[in-house]
Amino acid sequence: MDIREAVVIALAMIRANKLRAFFTVLGTVVGVTFLIAVITVLKGMDAYMKEDFAGKMFGYNTVTVRRVPQEGGFNDDARRRAWRRRPRLQVADAEWLRERLQTPGTLAYNSNGVAPVGNAAGKSVKNAWIVGSSASFFRIRDYELAEGRPFSEQEAERGVPVVVLGHDVVRRLFPGVRSLGKTVRIGGYPYRVIGVLEKQGTVFGQSVDNFVVAPFRSPINGSMYRYDVAEEISFKVPGQNLVPVAMSEMEGLMRIRHRLRPGAESDFAVETSESVLGFWNKISRFLIIALPFLVGVSLVVGAVVIMNIMLVSVSERTREIGVRKSLGARRRDILVQFIIESATLSGAGGVIGIGLGLLLAALVTAVSPLPARVSPGSIVLGLGLGIGVGLAAGVYPAWRAARLDPIVALRSE
Amino acid sequence: MSTAPGAPVIQVRGLEKHYDVGAETVRALRGVDLVIERNEYVAIMGPSGSGKSTFMNLIGCLDTPTAGEYVLNGHSVAALDDDHLARVRNREIGFVFQTFNLLPRSTALENVELPLVYGGLGKKERRQRATEALKAVDLGDRLDHRPNQLSGGQRQRVAIARALVTRPSIILADEPTGNLDSRTSEEIMGLFARLHDEGQTIIMVTHEPDIAAHAERVVMLRDGVIESDRRQVPVPAGTEWIGARAATAAALSEG
């Protein structure tokens with residue numbers, strides 16, 4: 001008896017008993033639904049974190065020096081106190097680095113503050129991010145301008161009060177009105193608008209367009225952030241292969257700058273967008289490890305249910321088994337028939353689960369900022385698990401069926 | 001199967017079957033000797049407890065004897081294991097049951113194809129041979145009917161087609177008319193007579209003398225041994241029913 005035939009018979013059995021078949025494979029359906037939904041959302045998150053989030057927030061191929069690491073994670077109080085004792089990075093440090101770095105690339109520095117931004121028409125944005133930066137900052141973040149221009153090296157050096165506005169700020173201060181050349185007030189200081197940035201979009205549903213960029217040494221220096229203190233010194237290299245080289249060079253130079261002895265712990269942090277993703281990687285790894293456990297539980301429950309229903313099915317169809325045996329079915333034929341039936345049943349449950357899982361993932365994406373990405377591997381895995389559960393659950397009932405005595409089986413009602 | 005054409009299809013010598021029931025051993029068969037030639041039409045009779053069911057199970061290769069020799073179509077089958085017995089059943093024996101035993105969800109054609117599925121035949125040849133077998137029992141126009149769309153007599157004819165389709169050495173019928181009214185019984189007996197005329201060996205287990213009367217040889221079992229084995233002139237199928245109608249007509253005219 002070939003397998004295709006057994007599958008056809010099994011599908012006919014399912015059609016004849018739809019409701020029972022559905023309840024039989026509910027465990028498989030739930031397990032596979034979970035699997036698909038979680039993997040799809042997780043994959044989406046992963047792609048999002050790596051491609052979008054990291055790029056937007058830190059820039060690609062960029063090495064950043066900070067006083068304390070931005071990377072999340074669980075840190076104790078002692079470590080936090082140690083971080084607070086570290087020396088702050090200075091604009092002078094950035095300039096010192098720029099002169100000495102051998103690796104090709106662009107160096108920028110910036111500090112941030114939060115302040116209201118208002119205009120002459122009386123409109124204002126309450127909590128805008130105020131970024132004071134070097135002129136090279138625009139190249140590091142890949143910021144595109146919708147209108148106007150970024151500020152020049154000369155403007156940055158002289159601290160000219162000019163500003164480039166983020167998309168949200170423009171929308172709220174100058175709705176439908178030309179903004180270039182107008183004056184806005186940042187923390188009380190008048191700034192001339194010279195550029196408007198393209199919309200950056202959202203990160204986890206939060207807009208990242210509510211910010212303005214002005215020359216570091218313009219009047220906000222010392223009021224929005226400590227005078228001449230650079231929160232971040234960023235170095236963008238032209239290729240990913242240069243990132244580790246740049247990292248170690250930055251590390252080495254900063255240790256010289258801070259006169260650290262060999263063996264002493266660095267009193268600064270050198271990070272890349274990848275290392276900032278470390279925390280996310282920890283979370284996703286945990287989920288990836290926990291997921292098989294969750295899915296496994298429902299699949300085991302599913303397998304037990306399928307096994308029981310298959311045992312019922314075998315005893316209901318004892319007569320049929322007797323007839324098949326009298327007509328020449330060998331033990332193997334009966335065994336294969338019932339295992340295939342069980343696998344087909346559960347495989348169908350897997351298919352339903354894949355459908356529901358994708359639906360659930362789509363639903364999650366629709367109502368939350370979580371992105372989803374369908375992974376073909378997860379679909380293959382879901383189908384495989386569905387069939388596998390059926391195979392495993394079918395073995396014992398099929399074995400019971402196969403070793404039935406044909407005489408006893410034929411006599412049963 | 002290469003067997004001399006003159007050799008008997010069934011040779012049974014000293015066949016015994018014992019069952020352990022608790023501490024006791026029941027000797028259902030106590031040494032049965034029987035030879036059935038090709039194209040014989042044999043009825044096996046006996047009261048319940050005579051061992052006739054046990055004998056039928058052994059002849060049908062559904063079970064193996066405790067002792068004795070059984071040669072079916074030139075092959076000794078007394079000591080075969082399950083899977084070899086299954087193969088022998090598939091090739092040599094066509095079962096016809098009292099309750100028809102058709103698969104309820106399958107069509108007539110699918111039911112008849114089933115033994116060929118286990119025989120390992122391809123789909124096309126199966127379809128062709130099953131169709132032929134159904135035509136041979138006058139059901140060529142019922143191929144796609146399911147058992148519940150067929151009458152009792154038609155169902156039994158599907159079962160007979162299923163028994164014939166593998167071209168077996170013997171048709172083994174267990175009370176084939178037990179679930180049929182007398183008119184349909186005659187119809188089935190007529191079909192058996194025709195198959196017999198065409199050269200088929202038929203062994204029929206029954207407790208009804210009327211049915212056994214259609215065979216040309218009657219073997220009586222009692223207490224696990226053969227009590228009698230006689231040849232007879234078979235009653236042609238259909239006469240009984242005609243006789244019954246005549247009697248009814250006579251009774252009515254008298255009344």
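All figures in this text were calculated on a predicted structure; none of them were measured in a lab.

Here's the deal with the overall build of chain A
Counting secondary structure elements, chain A contains 15 helices and 12 strands. Looking at chain A as a whole, 40% of its 413 residues are labelled buried. Expressed as a percentage of contacts within chain A between residues at least 6 apart in sequence, the contacts between residues at least 24 apart total 84%.

A few points about the overall build of chain B
Along the backbone of chain B there are 8 helices and 10 strands. A compact globule built from 255 residues would reach a C-alpha radius of gyration of about 18 Å, and chain B, at 19 Å, matches this within 12%. Overall, the C-alpha framework of chain B stretches about 60 × 55 × 40 Å when taken along its three principal axes. Taking all 255 residues of chain B together, 45% fall into the buried category. Considering only residue pairs separated by 6 or more positions, chain B has 69% of its internal contacts joining residues 24 or more positions apart.

Focus: the interface of chain B and chain A
Every contact between the two is made by 18 residues of chain B and, on the other side, 16 residues of chain A. Broken down by secondary-structure element, the contributors of at least two residues to the side of chain B that touches chain A are α2 (82-92) and α3 (108-118) of chain B. Looking at side-chain class alone, the side of chain B that touches chain A contains 8 nonpolar, 4 polar and 6 charged residues.

Describing the pairing of strand β3 (residues 41-45) of chain B
All names here are of chain B. Of all 5 residues in β3, 5 are buried, a share of seventy percent or more. Sheet analysis places β3 next to strand β8 (residues 201-205), joined by 4 bridges and oriented parallel. Bridge pairing in β8 links Ile44 to Val205. Judged from the 4 bridges that link them, β3 and strand β9 (residues 217-222) form a sheet pairing that is parallel. Residue pairing across strands places Val42 opposite Arg217, the latter belonging to β9.

A closer look at the confidence of the model for chain B
With 91% of its residues at a pLDDT of at least 70, chain B reaches an overall mean of 89. Within the model, the stretch residues 241-246 of chain B combines pLDDT values under 50 with 3 contacts to residues more than four positions away or in other chains.

Regarding the packing of helix α11 (residues 278-316) of chain A against helix α14 (residues 376-402) of chain A
All names here are of chain A. The contact between α11 and α14 brings their axes to 8 Å, and the two run at 35°. Of the two possible hands of crossing, α11 and α14 adopt the one that is right-handed. Only Leu385, Val389, Gly390, Ala392, Ala393, Gly394, Tyr396, Pro397, Arg400 and Ala401 of α14 make contact with α11, whose side of the interface consists of Leu299, Gly302, Ala303, Ile306, Met307, Met310, Leu311 and Val314.

Remarks on the sheet that holds strand β10 (residues 225-231) of chain B
Residues and elements named next belong to chain B. Spatially, β6-β7-β8-β3-β9-β10 is the arrangement adopted by the 6 strands of the open sheet, whose pairing is mixed. The open sheet has two edge strands with one neighbour each: β6 (93-96) and β10. Direction aside, neighbouring strands of the sheet carry axes that sit 20° apart on average. As defined by bridge partners, β9 adjoins β10 across 6 bridges and the pair is classed as antiparallel.

Comments concerning unusual backbone geometry
In the Ramachandran plot, A:Arg259 falls in the positive-phi region, its phi being about 50° despite a non-glycine side chain. Under the C-beta neighbour-count criterion, A:Arg259 is labelled exposed, with 7 such atoms within 10 Å. A positive phi is found at B:Glu175, a non-glycine position, where the angle reads about 45°. By the secondary structure assignment, B:Glu175 is in the loop between β7 (170-174) and α6 (182-197).

A closer look at the environment of A:Lys43
Residue and element names in this part refer to chain A. Mapped onto the fold, Lys43 is located in helix α3 (residues 26-58). Through-space distance from the C-alpha of Lys43 to that of Ser375 is 7.2 Å; in sequence the pair is 332 residues apart. Sequence-distant contacts of Lys43, that is, excluding residues within four places in its chain, are made with Arg373 and Ser375.

Digging into the nonpolar core
Within the largest apolar cluster, 123 residues are counted, with the highest numbers of intra-cluster contacts made by A:Ile306, B:Ile44, B:Val112, B:Leu134, B:Ala161, B:Leu172 and B:Ile203. The greatest single-element share of this core, amounting to 13 residues, is contributed by α3(A). Setting aside anything within four residues of it in sequence, one finds B:Leu134 in contact with B:Ala108, B:Leu109, B:Val112, B:Leu139, B:Gly140, B:Leu143 and B:Ala161. Ranked by size, the runner-up nonpolar core spans 51 residues in total, among them A:Leu89, A:Val131, A:Ala230 and A:Val270.

Describing the packing of helix α13 (residues 331-367) of chain A against α14(A)
Residue and element names in this part refer to chain A. Two elements in contact, α13 and α14, have axes whose closest approach is 6 Å; the angle formed by their N-to-C orientations is 150°. If you check the angle between α13 and α14, you find them roughly antiparallel. The handedness of the crossing between α13 and α14 comes out as right-handed. Residues of the contact of α13 with α14, tallied by class, amount to 21 nonpolar, 12 polar and 2 charged.

Observations concerning the sheet that holds strand β1 (residues 10-21) of chain B
Hydrogen bonding along the main chain pairs the strands of a sheet, whether they run parallel or antiparallel. Residues and elements named next belong to chain B. Taken in spatial order, the 4 strands line up as β2-β1-β4-β5 in an open sheet, and their pairing is antiparallel. A single partner strand is all that each edge strand has here, and the edge strands are β2 (24-36) and β5 (75-76). Of the strand pairs in this sheet, strand β4 (residues 67-72) and β5 are connected by 2 bridges, and their pairing is antiparallel. By the bridge assignment for β5, Leu72 is matched with His75.

Observations regarding the pairing of strand β2 (residues 106-119) of chain A
Regular strands place their side chains on alternate faces of the sheet. Residues and elements named next belong to chain A. Pairing geometry for β2 and strand β11 (residues 232-236), over 5 bridges, is antiparallel. Counterpart to Leu107 in the pairing with β11 is Phe235. Of the strand pairs in this sheet, β2 and strand β3 (residues 124-133) are connected by 8 bridges, and their pairing is antiparallel. Bridged to Val117 within β3 is Val125. Linking two consecutive strands that pair antiparallel, namely β2 and β3, is a turn of 4 residues; a positive phi of about 90° is found at Gly122 within it. Bridging between β2 and strand β6 (residues 183-186) involves 3 bridges; their strand directions are antiparallel. Within the sheet, the bridge partner assigned to Gly118 lies in β6 and is Arg185.

Thoughts on α14(A)
Given a rise of 1.5 Å per residue, 27 residues ought to cover 39 Å, and the 37 Å separating the end C-alpha atoms of α14(A) matches this to within 8%. Within α14(A), the axis deviates most sharply at A:Val395, by approximately 40°, and proline A:Pro397 lies no more than four positions further along.

Digging into the environment of A:Glu231
Residues and elements named next belong to chain A. The residue Glu231 is located in the loop between β10 (211-215) and β11 in this model. Remark: the alpha-carbon pair of Glu231 and Val131, spanning 100 residues in sequence, is separated by 10 Å. Excluding residues that lie within four positions of it along the chain, Glu231 makes contacts with Arg66, Asn110, Ser111, Asn112 and Tyr225.

Considering the confidence of the model for chain A
Residues with a pLDDT of 70 or more make up 95% of chain A, whose mean pLDDT is 88. Confidence, read as mean pLDDT per element, is least for strand β8 (residues 202-203) of chain A in chain A (66) and greatest for strand β5 (residues 162-165) of chain A (95).

Things to note about the environment of A:Leu165
Residues and elements named next belong to chain A. Summarising the element assignment, Leu165 is placed in strand β5. Sequence separation of Leu165 and Val7 is 158 residues, and the distance between their C-alpha atoms is 65 Å. Residue contacts for Leu165: discarding those within four places in its chain leaves Val170, Ser179, Val193, Val196, Leu197 and Val212.

Quick notes on the rules
- Residues numbered from 1 in each chain as written.
- Chains lettered and ligands numbered in written order.
- Predicted model: local features only at pLDDT ≥ 70, side-chain atom pairs only at ≥ 80, totals over all residues.
- Helix = DSSP H or I, 4+ residues; strand = E, 2+ residues; numbered from the N terminus.
- Buried ≥ 20, exposed ≤ 12 C-beta atoms within 10 Å, placed from the backbone.
- Contact = placed C-beta atoms within 7 Å.
- Rg over C-alpha atoms; globule rule 2.2 N^0.38 Å.
- Nonpolar A, V, L, I, M, F, W, Y, C, P; charged D, E, K, R; others polar.
- Pairing = 2+ DSSP bridges.
- pLDDT = per-residue confidence, 0-100.
- Axes fitted to C-alpha atoms, helices over the stretch in contact; angles between N-to-C directions.
- Left-handed = near helix turned anticlockwise from the far one by under 90°.
- Core = buried A, V, L, I, M, F, W, Y, C linked by C-beta atoms within 7 Å.
- Parallel < 35°, antiparallel > 145°, perpendicular 65-115°, else oblique.
- Expected span 1.5 Å × (residues − 1).
- Bend = angle between axes of the 7 residues up to and from the residue.

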